[in-house]
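Residue-level structure breakdown
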Amino acid sequence: MGHRHAVPGRRAVLTVLGALVATGIPSAVAAEPAPPAGPLPSAAQTLGADRPSAPVLRAMERDLGLTPAQASRRLVNEAEAGTRAGRLRNALGGRFAGAWLRGTTSQELVVATTHTTDVPAIQAQGAKAVVVKKTLRDLRAAKRKLDAAAVRHSTRDTPVWYVDIPANRVAVEARSKAAAAAFVKAAGLDAKGVGVRVTALRPRLLADITGGDAYYINGTARCSVGFSVTRGTQQGFASAGHCGRTGARTTGYDNTPQGTFQASTFPGKDMSWVAVNDRWTTTANVRGEGGQNVRITGSVQALVGAAVCRSGSTTGWHCGRIEQHDTSVSYTEGRVNGLTRTTVCAEPGDSGGPFVAGAQAQGVTSGGTGDCGSGGHTYYQPVNPLLSDFGLTLKTTAADAAAPQDNVAQTWATGRVYEAGAVVIHAGVRYQCLQTHQAQGAWAPARTPALWQRA
């Protein structure tokens, strides 16, 4: 089970641990009423990308081969690119075919469309335009057919499938071409439109060992604390669903009583949350290298190609890139949909730990292949669906947002998770969401152009 840590005489603290118009931007954008008085924050300022923590920068330098200046510049560029991608997504509507980042030190935003007439508008936003055959809506529809086929067709030899946005196709990872062909046929898809990668690797869950600060489930298995959350006045933390079932009791890293699983979903999704007793206090921190903390300011979803870092006590801090969102993985223990695939390495014991992009929470570690000696891929359960499904509020340094409320669906409210493209009303004005995130009091639409634009 590994080493257990005790800190005599110190109050136990739960840290946040453990882990993107016809031929242009609509003319309505130019005709928007003047914003509120005072300077509006940039995307980098809103997301805290202009104030990176030392642990994040050091890990990016080591794992991505960057200098300190390059790492800092990349975080700022990725934050600004997310906002530009969101504006283009809303402007292109049904013709939008995805957005991603490419390059190591000088990240370039690439936006795909199915119409050549959109190219000038994309270029006007400083992005590289790519004209493709299938819209993002088409690709997601094909992915859903694979999801449906997985219910009735064995995925033992086809453990991973996802939307490959840069390649403009869905992709299947399989142990043989024959297995992939059978799965694609069962889904009713044209084999020519599906990418196949043959590999002997199969993702495994990363449970029963420490990741970030350890916690123990029913005195036997152990996982790692993910992100600190609240539900009303109740404090707790998010983690992976495979770590424990609803009702299971937990003890902390120091083996003292800690809390109880309030909800857990696995398979299907890989998410859970634990309510803690009054001996434990949640913070807006993720444990970094050398005991230093990374402070979380929100949960804005990063683009494909963006840098992402993971915390875990087994392997420490490691960084890599986001490869795909909405990935399906068939573990031996069950299938999970909606995961994000990364190039970050991980090993048993890192399960449940946090993934962060700069200061933005991304998700909790689910499973993966390989290790941190030879490399590999790790999958995380995105944090925004977790917050939404369980009615939780992420603990952040930006603001203590109110708990989710039962407001009218179209009315902007703190605590709600908004998907890119969602339309809300705030102070009598309609806004459209640019990047998926959980709303905070400091992020009201009128003062947060990084996340909202007038609709």
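Counting restarts for each chain: residues are numbered from 1 in the order of the written sequence. Where local features are concerned, this predicted model is filtered to residues with pLDDT of at least 70; where side-chain atom pairs are given and counted, the filter is 80 or more; whole-chain, interface and lining totals use all residues. Only hydrogens and water are removed before side-chain values are computed, so all heavy atoms of the structure are retained for them.

Observations regarding the packing of aromatic side chains
Centres within 6.5 Å make a pair out of two Phe, Tyr or Trp rings, where for Trp the six-membered ring is used; the pair is then stacked when the planes are under 30 degrees apart, edge-to-face when over 60, and tilted otherwise. For the coordinates displayed, the defined rule picks out 5 aromatic pairs. Ring centres of Y418 and W452 lie 5.3 Å apart, and the angle between their planes is 75°; on these two criteria the pair is classed as edge-to-face. Here W452 lies in strand β30 (residues 452-454) and Y418 lies in strand β26 (residues 417-418), a separation of 34 residues in the sequence. Throughout, exposure labels follow a simple rule: accessible area from a 1.4 Å probe, protein chains only, divided by the maximum for the residue type, with under 20% read as buried, over 50% as exposed, and the rest as partly exposed. When its relative accessible area of 1% is taken as the criterion, W452 is described as buried. Only DSSP runs of H or I covering at least 4 residues are called helices, and only runs of E covering at least 2 are called strands; the numbering of each starts at the N terminus.

A word on the confidence of the model for the protein
Confidence of the predictor in every single residue is expressed as pLDDT, which spans 0 to 100. Confidence along the protein averages 86 in pLDDT terms, with 87% of residues attaining 70 or more. Contacts are assigned to residue pairs that have any heavy atoms within 4.5 Å of one another. Note that pLDDT drops below 50 for residues 1-34; the model gives that stretch 118 contacts with residues more than four away or on any other chain. Overall, residues 399-409 carries pLDDT values under 50, and its contacts beyond four positions in sequence, including any with other chains, amount to 24 contacts.

Details of the sheet that holds strand β28 (residues 429-433)
Pairing within the open sheet is antiparallel, and its 3 strands lie in the order β27-β28-β30. The open sheet terminates on both sides in strands that have one partner only, identified here as β27 (423-426) and β30. Averaged over all neighbouring strand pairs, the angle between strand axes comes to 40°, with direction disregarded. One bridge is not enough; two strands pair if DSSP finds at least two bridges between them. As defined by bridge partners, β28 adjoins β30 across 3 bridges and the pair is classed as antiparallel. Across the sheet, residue Q432 finds its bridge partner in β30, namely Q453. Between N-to-C directions, angles span 0 to 180 degrees; the directions come from axes that are lines fitted to C-alpha atoms, helices contributing only their stretch in contact.

Focus: helix α7 (residues 177-186)
When α7 is considered as a whole, its buried residues turn out to be A179, A180, F183 and V184. The buried side chains of α7 occupy one side of the element, clustering within an arc of 130° when seen end-on. Residues of α7 that are exposed and angled more than 90 degrees away from the buried face: K177, A178 and K185. Turning to α7, the residues buried within the fold contact α6 (136-152), β5 (160-164), β6 (169-174) and β7 (194-198). Of the residues one or two after α7, G188 is the one with positive phi, at around 75°. This arc describes the spread of directions from the helix axis toward the C-beta atoms.

Some words on the packing of helix α3 (residues 54-64) against helix α4 (residues 68-92)
α4 packs onto α3 with a crossing angle of 110° between their chain directions and a minimal axis gap of 9 Å. Compared by their axis directions, α3 and α4 come out roughly perpendicular. Every residue of α4 that contacts α3 at V56, L57, M60, E61 and L64 is listed here: P68, A71, S72, R74 and L75. Lys, Arg, Asp and Glu make up the charged group, whereas Ala, Val, Leu, Ile, Met, Phe, Trp, Tyr, Cys and Pro make up the nonpolar group; the residues left over, Gly among them, are polar. Classifying every residue of the contact of α3 with α4 gives 7 nonpolar, 1 polar and 2 charged. By the definition adopted for this analysis, an angle is roughly parallel if under 35 degrees, roughly antiparallel if over 145, roughly perpendicular if from 65 to 115, and oblique otherwise.

Describing the pairing of strand β20 (residues 318-331)
Counting buried residues along β20, 12 of its 14 residues qualify, which places the element largely inside the surrounding structure. Note that β20 and strand β21 (residues 334-342) share 6 bridges and pair antiparallel. Looking across to β21, one finds that I322 is bridged to T342. Hairpin connection from β20 to β21: 2 residues lie between these consecutive antiparallel strands.

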